[in-house]
Amino acid sequence: MEKLKHVISSRQFKDPGFLLSLFESAHQMERDDVFHALTDPLRGRILATLFFEPSTRTRFSFEAAMQKLGGGVLTSENAKANSSATKGETISDTVRIVSGYADAIAIRHYEQGAAEAAARISPVPIINAGDGVGEHPTQALADIYTIKKELGRLSGLRVALVGDLLNGRTIHSLLPLLCLYPGVTIDLLSPAQLRLPPLYREFLAERGVAFHEGERLEGVIEQADVAYITRVQSERFVSRQEYDAVKDVYIIDAETANRLKPEAIIMHPLPRVNEISPEVDANTRAAYFKQAKNSLYIRMALLKHLLA
Ligand code: CP
C-alpha cells in the first residue's frame, strides 16, 4: 500500500488496489473484534478528535477505533464552544498546539477547506471528518466498503444518489470513489435547488462516467443496485422557509423500498430525519445500520495504516 500522510479528500484515492487492501484490513479488524482477538498496534499513540460541528457516528467510531487498537483519545466534542476557538484562536494555531499532544487529529469543521488548511501546517496526520459542504472522505470509504460487502462487487453498478446533492458532503466524497470502478452508472436525483454542484458534474464528465440527473424516483429507483439516500441538510439553509419547501421531497417508505430490485441495497450515511421510514429498517435491502458499523472497521484500518 502507498503510505498516506493526511486524509483530506477522497480524490486522493486513485488506486482500487489500495482500497482493496484497506477493505481486507477492515475485514480482518472485524473478525478479530468478533473473536476478541484484537491486538494493540497503536498502544501509546493518541488520536485527537476536534469536532467544531455535531456528530454521533464519526466521532464515536473514530474514538472506538483508536481505543480498540490500544491507543488513547483526546476529544473536543463541541470545539466551537468549548475550545479556545471561542477566545479567537485560529484553527491553524489550535492544530499547531494539539499536534504537540496527539499523533493524529480528526477534524470536523463548519468551513469547507479547514482540514486542508490544517494539513498544510500539521506535522501529524490530519483526517478530514467533514468540512462544511465540502467532503467526508472516511464516510465514503465506509460506503464503498459496505457496497463491496453487500453486493460483492463495485464495478458495473447502477447507483442512485438521492436528496441534498448540493450540500451533502458524503455524496461529494463518494463520487470520486465510484468513478474508480468500470461500468458504473450514476443517477442524481434531487430537487432543482439541491442539484449536485457543477464541480462534481464536471468531474464525472471528465472521467467519462455515465450519469443522469432528474427529480423523480419513479422509473429510476427500480433499476438501482444501490439507492443512497441523504438528509436535506437543514443547517446549510439560510431560511427555514427554503428548508421546509424541500425537506420531505423524498421519503422512502415500505412501498417505495419494495419497488427496488430484491438484491438492491438502501444506504444512508445517517442521521436520517424523515427520508427513510422506520418500517424500512426490517427490509432486507436496508444496509444503513451495517454501513454505520462498517465505518468503525474502516476507520480502524485507516488509523492503523496512518499510525502503525
Ligand atoms: N455519517 C455521519 O457523518 O454521521 P455523524 O454526523 O453522526 O458523524
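Every chain's residues receive numbers from 1 upward, in the order its sequence appears when written. Restriction of local features to residues with pLDDT of at least 70 applies here, the model being predicted, together with a cutoff of 80 or more for giving and counting side-chain atom pairs; totals for whole chains, interfaces and linings are based on all residues. Each side-chain value is worked out from all heavy atoms of the structure, with water and hydrogens disregarded.

Draft legend 1. Spotlight on the overall build of the protein. For the protein, the count of helices and strands is 11 helices and nine strands. Each radius of gyration is computed over the set of C-alpha atoms, and the globule rule expresses the reference value as 2.2 Å times the number of residues to the power 0.38. Taken over C-alpha atoms, the radius of gyration comes to 19 Å for the protein, in line with the 19 Å a tight globule of 308 residues would show. For the protein, the spread of C-alpha atoms along the principal axes amounts to about 55 × 45 × 40 Å. Within the protein, the fraction of its 308 residues that count as buried is 54%. The criterion used for residue contact is that any of the two residues' heavy atoms lie within 4.5 Å. For the protein, long-range pairs separated by at least 24 residues make up 74% of all intrachain contacts whose partners lie at least 6 apart in sequence. Per-residue accessibility takes into account occlusion by the displayed protein chains alone, with areas from the Shrake-Rupley method and a 1.4 Å probe. Accessible area for the protein stands at about 13,000 Å²; split by element, carbon and sulfur atoms hold 51% of it. The charged-residue count follows a simple rule in which Lys and Arg add positive charge and Asp and Glu add negative charge, with His and chain termini not counted at all. To locate a charge, take atom NZ for lysine, CZ for arginine, CG for aspartate or CD for glutamate. Computed over 36 positive and 38 negative side-chain charges, the separation of the two mean positions in the protein equals 4 Å. Segments assigned H or I by DSSP are reported as helices when at least four residues long, segments assigned E as strands when at least two residues long, and all are numbered from the N terminus. Each residue gets one of three labels from its accessible area relative to the maximum for its type: buried under 20%, exposed over 50%, partly exposed in between, using a 1.4 Å probe on protein chains only.

Draft legend 2. Examining the site of the ligand more closely. Near the ligand, the surroundings consist of Ser55, Thr56, Arg57, Thr58, Arg108, His136, Gln139, Pro269 and Leu270. Whenever a nitrogen or oxygen atom comes within 3.5 Å of another N or O atom, the pair is scored as a polar contact, on the condition that within protein one atom can donate a hydrogen and the other can accept it, and that pairs from neighbouring residues in sequence are kept only if both atoms are in side chains. Residue histidine 136 places a side-chain N or O atom 2.9 Å away from an oxygen atom belonging to the ligand. Leucine 270 places a main-chain nitrogen or oxygen 3.0 Å from a nitrogen atom of the ligand. Coverage of the ligand by the protein amounts to 91% of the 250 Å² it exposes when considered alone. Both domains that furnish three or more residues to the shell around the ligand are identified here as domain 1 (10-135 + 295-307) and domain 2 (137-292). Near is defined per residue: the residue qualifies when any heavy atom it owns lies within 4 Å of the molecule or strand. Residue ranges labeled as domains rest on an automatic or database domain assignment.

Draft legend 3. Highlighting the domain arrangement of the protein. For the protein, the domain assignment lists domain 1 (10-135 + 295-307) and domain 2 (137-292). Each of domain 1 and domain 2 has a C-alpha centre, and the two are 24 Å apart. Facing the 30 residues of domain 1 at the interface are 27 residues of domain 2. When two components associate, each loses some accessible surface as probed by a 1.4 Å sphere; the sum of these losses over both components is called the buried area. Per-residue buried area on domain 1 facing domain 2 is highest for Arg11, Phe23 and Arg57; these three make up 25% of the total on that side. A side-chain nitrogen of Lys or Arg and a carboxyl oxygen of Asp or Glu constitute a salt bridge if their distance falls within 4 Å. At the surface where domain 1 touches domain 2, the tally comes to three salt bridges. Taken together, domain 1 and domain 2 are joined by 13 residue pairs in polar contact (both at pLDDT 80 or more). Sort the elements by how many residues they give to the side of domain 1 that touches domain 2 and helix 1 (residues 16-34) lands first, with eight residues. The residue makeup of the side of domain 1 that touches domain 2, split by class, is 13 nonpolar, eight polar and nine charged. Residues are sorted three ways: Asp, Glu, Lys and Arg are charged, Ala, Val, Leu, Ile, Met, Phe, Trp, Tyr, Cys and Pro are nonpolar, and all the rest, Gly among them, are polar.

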